[in-house]
Amino acid sequence: YFSLRNVTTAMVEPGQETMWQWGTAHFMNDWFGIHAPWFSMLNTTVLVLSSVTCQLGVWRAEHGVVGRTGSLLQVGQWGLREWYILTFIMGAIFVGGQATEYATLASEGFTLSTNAYTSAFFLATGFHGLHVTGGLIAFLFMLGRTYMTRTFTHEQAVHAVVTSYYWHFVDAVWIILFSVIYILR
């Protein structure tokens, strides 16, 4: 990414807009009178907070609490299932937000084949989106296992923890990608 940026920026005549300047301008929104990549920041916040809900589910799994012990409105009484369902929903919102961003960018002429910058952007964020989708599938398998068995076993708790490792890793990778693509530009 950085090598591609340096080479293509060096090829531009002085005073001309680089493909990086052109590309990153598409991420910016003017919300609240501030020019920033607001939509992407909001979407990133949802994904990062999903790591918190995932970890809350792990803590409940480590204590053998699979389902809630109170009403659905008593969040403090939630078990692994409720926290993982919320994590799944937040991850799905992130993927939906990424699809929305892709559609908006495509409508502005920002497509995979436009230039090297757009190719790097779509490959990096697209592969990340596929890994998030893989994590969502892992959550579905994990949740399915908790509903299909009568007792919550140590193996299921380990499955919950391993699923959380994957999810936290996907979140950490996104923080790096977001920083490079949307902040450092």
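Here's what I pulled together on the structure shown here. Please read all numbers here as calculations on a predicted model, not as lab measurements. Throughout, a residue's number is its position along its own chain's written sequence, starting from 1. For a predicted model such as this one, the threshold for reporting local features is a pLDDT of at least 70, and the threshold for listing and counting side-chain atom pairs is 80 or more; totals across whole chains, interfaces and linings nevertheless cover every residue. Values shown for side chains rest on all heavy atoms present in the structure; no hydrogens or waters enter the calculation.

### Regarding the side chain of aspartate 171
Move 1: A helix here means a DSSP run of H or I that spans at least four residues, while a strand means a run of E at least two residues long, and both kinds are numbered starting from the N terminus. Assignment of secondary structure puts aspartate 171 in helix α6 (residues 154-184).
Move 2: Among buried charged residues, aspartate 171 stands out as having no salt bridge; its nearest opposite-charge side chain is arginine 60, 19 Å away.
Move 3: We call two N or O atoms a polar contact when they sit within 3.5 Å, provided that within protein one can donate a hydrogen and the other can accept it, with sequence-adjacent residues counted only if both atoms are side-chain atoms. A polar contact of 2.4 Å, which involves the side chain of aspartate 171, links it to the side chain of serine 51.
Move 4: Any two residues whose heavy atoms approach within 4.5 Å at even a single point are treated as in contact. Discounting chain neighbours no more than four positions away, the residues touching aspartate 171 are Leu47, Val48, Ser50 and Ser51. Relative accessibility decides the category of a residue: with a 1.4 Å probe and only protein chains considered, values under 20% of the type maximum give buried, values over 50% give exposed, and everything between is partly exposed. Charge assignment in this entry is limited to Lys and Arg as positive and Asp and Glu as negative, and neither His nor the chain termini are counted. We define a salt bridge as a contact between a side-chain nitrogen of Lys or Arg and a carboxyl oxygen of Asp or Glu at a distance within 4 Å.

### Focus on the pattern of salt bridges
Move 1: Enumeration over the complete set of coordinates arrives at 1 salt bridge.
Move 2: Where arginine 68 meets glutamate 82, a salt bridge forms, and the shortest distance between an N and an O atom there is 3.8 Å. On the criterion of sequence distance, the pair formed by arginine 68 in the loop between α3 (38-62) and α4 (80-107) and glutamate 82 in helix α4 is long-range, its members being 14 residues apart.

### Some details on the side chain of glutamine 156
Move 1: If you trace the backbone, glutamine 156 turns up in helix α6.
Move 2: Its relative accessible area of 1% is what places glutamine 156 among the buried residues.
Move 3: Non-local contacts of glutamine 156, meaning those with residues more than four positions away in its chain, are made with Met142, Arg145, Thr146, Thr149 and Thr151.

### Things to note about helix α5 (residues 116-148)
Move 1: Here the expected span of a helix is defined as 1.5 Å times the quantity of residues minus one. The end-to-end C-alpha distance of α5 is 48 Å, a good match for the 48 Å that 33 residues give at a rise of 1.5 Å each.
Move 2: Two to three positions downstream of the cap, the backbone nitrogen of tyrosine 117 sits 3.0 Å from a side-chain oxygen, assigning the N-cap of α5 to asparagine 115.

### Focus: unusual backbone geometry
Move 1: Although it is not a glycine, phenylalanine 32 adopts a positive phi angle of roughly 60 degrees.
Move 2: Mapping phenylalanine 32 onto the fold places it in the loop between β1 (29-31) and β2 (34-36).
Move 3: Overall, phenylalanine 32 belongs to the exposed group, its relative accessible area being 71%.

### What about α4?
Move 1: The end-to-end C-alpha distance of α4 is 40 Å, a good match for the 40 Å that 28 residues give at a rise of 1.5 Å each.
Move 2: Backbone geometry just downstream of α4 places glycine 109 in the positive-phi region, at approximately 85 degrees.

### A closer look at the packing of aromatic side chains
Move 1: Side-chain rings of Phe, Tyr and Trp, where Trp is taken by its six-membered ring, are said to pair if the distance between their centres is within 6.5 Å; with planes under 30 degrees apart they count as stacked, over 60 as edge-to-face, and otherwise as tilted. In this structure the tally under the stated criterion is 19 aromatic pairs.
Move 2: Judged by centre distance (6.3 Å) and plane angle (55 degrees), the ring pair of tryptophan 174 and tyrosine 182 falls under tilted. Across the pair, tyrosine 182 and tryptophan 174 agree in class, each one buried.
Move 3: Members of the aromatic cluster, each reached through a chain of ring pairs, are Phe27, Phe94, Tyr102, Phe110, Tyr117, Phe121, Phe122, Trp174, Phe178 and Tyr182.
Move 4: Directly above the aromatic system of tyrosine 147 lies the positively charged group of arginine 81, at a separation of 4.1 Å from the ring centroid. Our definition puts a charge over a ring when NZ of Lys or CZ of Arg is within 6 Å of the ring centre and also within 35 degrees of the ring normal.

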